[in-house]
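A closer look at the structure
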Amino acid sequence: VDDEYTAFCTWNDDASALVRVNIETGDCKVIDRAEVGDEFQFEGCAEFIPQTHWVVKTDGSKLRVYDSRSSNIVYFRDYAGEGFLGGAAGTCDGKSLIVIRNDHSFSYVTDKDTKDPYGVLGYSIFLVDLDTGREERIFRDEKFKGGHPIPNPCDPNLLLFNRDSPPLFSHGGDHGKTSRDWVLNIQNGQVTEIRPGDPSKFSLHSNWSYKGDHVYYHGLSGDQSTVDRYSIEGSPYKDGPGTNHFIGVAKADGESVWENQYPYMTYGHVSTHRQANVIIVDNLLAYEYISGIHWEDRDSDDIPRVELLAKHNSTYAQNDQTRHPHCTMTSDGKWLCYNAKFDNRSDVYVVKMK
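Numbering of residues starts from 1 in each chain and follows the order in which that chain's sequence is written. Reporting in this predicted model follows two pLDDT cut-offs: at least 70 for local features of residues, and 80 or more for side-chain atom pairs to be given and counted; totals over whole chains, interfaces and linings ignore these cut-offs and use all residues. Excluded from the side-chain calculations are hydrogens and water; all other atoms, namely the structure's heavy atoms, are used.

We now examine the overall build of the chain. Helices and strands together make up the secondary structure of the chain, namely two helices and 26 strands. The reference for a compact globule is 2.2 Å times residues^0.38; the radius of gyration itself is calculated from the C-alpha atoms. In terms of overall size, the chain behaves like a compact globule, its C-alpha atoms giving a radius of gyration of 20 Å where 354 residues would be expected to give roughly 20 Å. Reported as C-alpha extents along the three principal axes, the dimensions of the chain are approximately 60 × 50 × 40 Å. Taken across its 354 residues, the chain has 51% of its residues classed as buried. Across the chain, the fraction of contacts at a sequence separation of at least 24, relative to all contacts at a separation of at least 6, is 44%. Taken as two groups, the 36 positive and 54 negative side-chain charges of the chain have centres that lie 1 Å from each other. Starting at the N terminus, helices and strands are each numbered in turn, a helix being any DSSP run of H or I of at least four residues and a strand any DSSP run of E of at least two. Here's how the labels work: a residue is buried when its accessible area is under 20% of the maximum for its type, exposed when over 50%, partly exposed in between, all with a 1.4 Å probe on protein chains only. Any two residues whose heavy atoms approach within 4.5 Å are treated as being in contact. In this tally, Asp and Glu contribute negative charge and Lys and Arg positive charge; neither His nor the terminal groups of the chain are included. We put the charge of a Lys on NZ, of an Arg on CZ, of an Asp on CG and of a Glu on CD.

Right, dumping it as structure tokens:
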């Protein structure tokens, strides 16, 4: 609400904690802490609910909302026996919480050889009134798994989220037949597909633009012709032929307005500049660098201007999310926060943007 704080989780083999930190001074406050074996753990990510001092955190089938000032739990829910949470986030007006609950737990990494991917489908999206605690189911889907709720930053009626398809789910869906990113109109229940122009159709990550009128996305391209050519002619990249990937922008109604294929991908994410139409990528275009893609400022070849914002220096690893920067910017555009991991230690950094 005041761009003064961010929140993060920290954990090791002995305990875990939820922490609020003053972005400018670095002063930390532990909101809550858990010992090994406690029913609720603080691993993974946590986030502020817009326009409030409240922080939401999920753990498996459990959810808690904390007042970061008093450390009091202001809302909690345990969906035990009712599936696994695919994420929770607050609407832009700070009045509601959006929760995605899957009917069945499933991890493609650990369960793909023991569980039928077509037998774990089905999820619901709930809207929780944070004033009364009243919970309402606003969407039901029997054919996919759901996750990554991203409420629109300006319109509390719009939700960007993932519909993950079997058999690969977040690791490739149904091989490009169905898009992953969809927009839900909470008021009328209609869903709109954000469909990339790339042959793969499958995006890895997405986010709203700062005005909430566009969706940013990226993914591994279905066209790997450049890679094939490099394997024959030789690659300009010292560590291999590279992998084609795409980055794009679509309107909230699904219409793509810009998309470009790039010849060399290092795994990363798309996030949003909070004061301009700029896509922030934490590794996609320049290894170890956080970059800003000015997608409206394009040259005669339709290539946008790219600005280097910071060097994150994380010892990146695709299977370790604590090593991924996961950039987020304060709404005033003053601070860019990100995570970086060195050896066995993980830190939070901020860059002063203006």
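Here we come to the sheet that holds strand E18 (residues 245-251). In this analysis, strands are considered paired if DSSP registers two or more bridges between them. Across the sheet, four strands lie side by side as E16-E17-E18-E19; this open sheet has antiparallel pairing. Lying at the two open borders of the sheet, with one neighbouring strand each, are strand E16 (205-208) and strand E19 (256-262). Neighbour-to-neighbour, the strand axes of the sheet open up by a mean angle of 10°, direction not taken into account. Of the strand pairs in this sheet, E18 and E19 are connected by six bridges, and their pairing is antiparallel. Residue pairing in the sheet places Ile-247 in a bridge with Asn-260 of E19. To define axes, lines are fitted to C-alpha atoms, for helices over the stretch in contact only, and angles between the resulting N-to-C directions are given on a 0 to 180 degree scale.

Strand order across the open sheet formed by four strands is E4-E5-E6-E7, with antiparallel pairing between neighbours. Looking at strand neighbours, the two that pair on one side only are strand E4 (47-48) and strand E7 (73-78), the edges of this open sheet. Of the pairings in the sheet, the one linking E4 to strand E5 (residues 54-59) comprises two bridges and is antiparallel in character. Across the sheet, residue Glu-47 finds its bridge partner in E5, namely Val-56.

Every case where a carboxyl oxygen of Asp or Glu lies within 4 Å of a side-chain nitrogen of Lys or Arg is listed as a salt bridge. By the definition in use, this model includes 18 salt bridges. Taking the shortest distance from any N to any O, the salt bridge between Arg-101 and Asp-103 comes out at 3.7 Å. Between Asp-141 and Arg-163 there is a salt bridge, with its nearest N and O atoms 2.7 Å apart. Taken together, the positions of Asp-141 in strand E11 (residues 135-141) and Arg-163 in strand E13 (residues 158-164) put the pair 22 residues apart, joining distant regions of the chain. As far as burial versus exposure is concerned, Asp-141 and Arg-163 are alike and both buried. If you follow the salt bridges from partner to partner, you end up with Arg-101, Asp-103, Arg-140 and Glu-142 in one network.

Within the largest apolar cluster, 16 residues are counted, with the highest numbers of intra-cluster contacts made by Ile-247, Trp-258, Ile-279, Ile-293 and Trp-295. Those elements that provide at least two residues to this core are E18, E19, strand E21 (279-281) and strand E22 (289-298). Nine residue types can take part in a nonpolar core, namely buried Ala, Val, Leu, Ile, Met, Phe, Trp, Tyr and Cys, and a core is a set of them joined through side-chain atoms within 4.5 Å.

A separate point is the packing of aromatic side chains. Note on ring pairs: Phe, Tyr and Trp rings are taken, using the six-membered ring of Trp, and paired if centres are within 6.5 Å. Classes follow the plane angle, with under 30 degrees stacked, over 60 edge-to-face and the rest tilted. For the coordinates displayed, the defined rule picks out 10 aromatic pairs. The interplanar angle of 55° and the centroid separation of 6.1 Å between the aromatic rings of Phe-42 and Tyr-66 together place this pair among those described as tilted. Within this pair, whereas Phe-42 is found in the loop between strand E3 (28-35) and E4, its partner Tyr-66 is found in strand E6 (residues 62-67), the two being separated by 24 residues in sequence. By relative accessible area, which is 0% here, Tyr-66 ends up buried. Through pairs of rings, three or more aromatic residues link up here, namely Phe-40, Phe-42 and Tyr-66. A ring has a charge above it when a Lys NZ or an Arg CZ is no more than 6 Å from the ring centre and no more than 35 degrees off the ring normal. We note Arg-77 situated over the ring of Tyr-79; from NZ or CZ to the ring centre the distance is 4.3 Å. Above the face of the Trp-182 ring, Arg-163 is positioned so that its terminal group lies 4.4 Å from the ring centre.

It is worth spelling out the pairing of E22 at this point. Regular strands have side chains that alternate between both faces of the sheet. In this structure, E21 lies alongside E22, joined through three bridges in antiparallel fashion. Considered in E22, the bridge of Val-281 is made with Ser-291. Inspection of the sheet shows E22 paired to strand E23 (residues 304-311) by seven bridges, in the antiparallel sense. The residue bridging His-294 from the neighbouring strand is Arg-305, located in E23. Here E22 folds back onto E23, and the loop between the two strands holds five residues, one of which, Asp-302, carries a positive phi near 70°.

Take unusual backbone geometry next. Following Pro-166, the chain continues to Pro-167 via a peptide bond in cis, the omega torsion being 10°. Considering the arrangement of structural elements, one finds Pro-167 in the loop between E13 and strand E14 (181-185). With phi around 65°, Lys-201 is a residue other than glycine that occupies positive phi space. Position of Lys-201 relative to the elements: it lies in the loop between strand E15 (191-194) and E16. For Lys-201, a relative accessible area of 17% gives the class buried.

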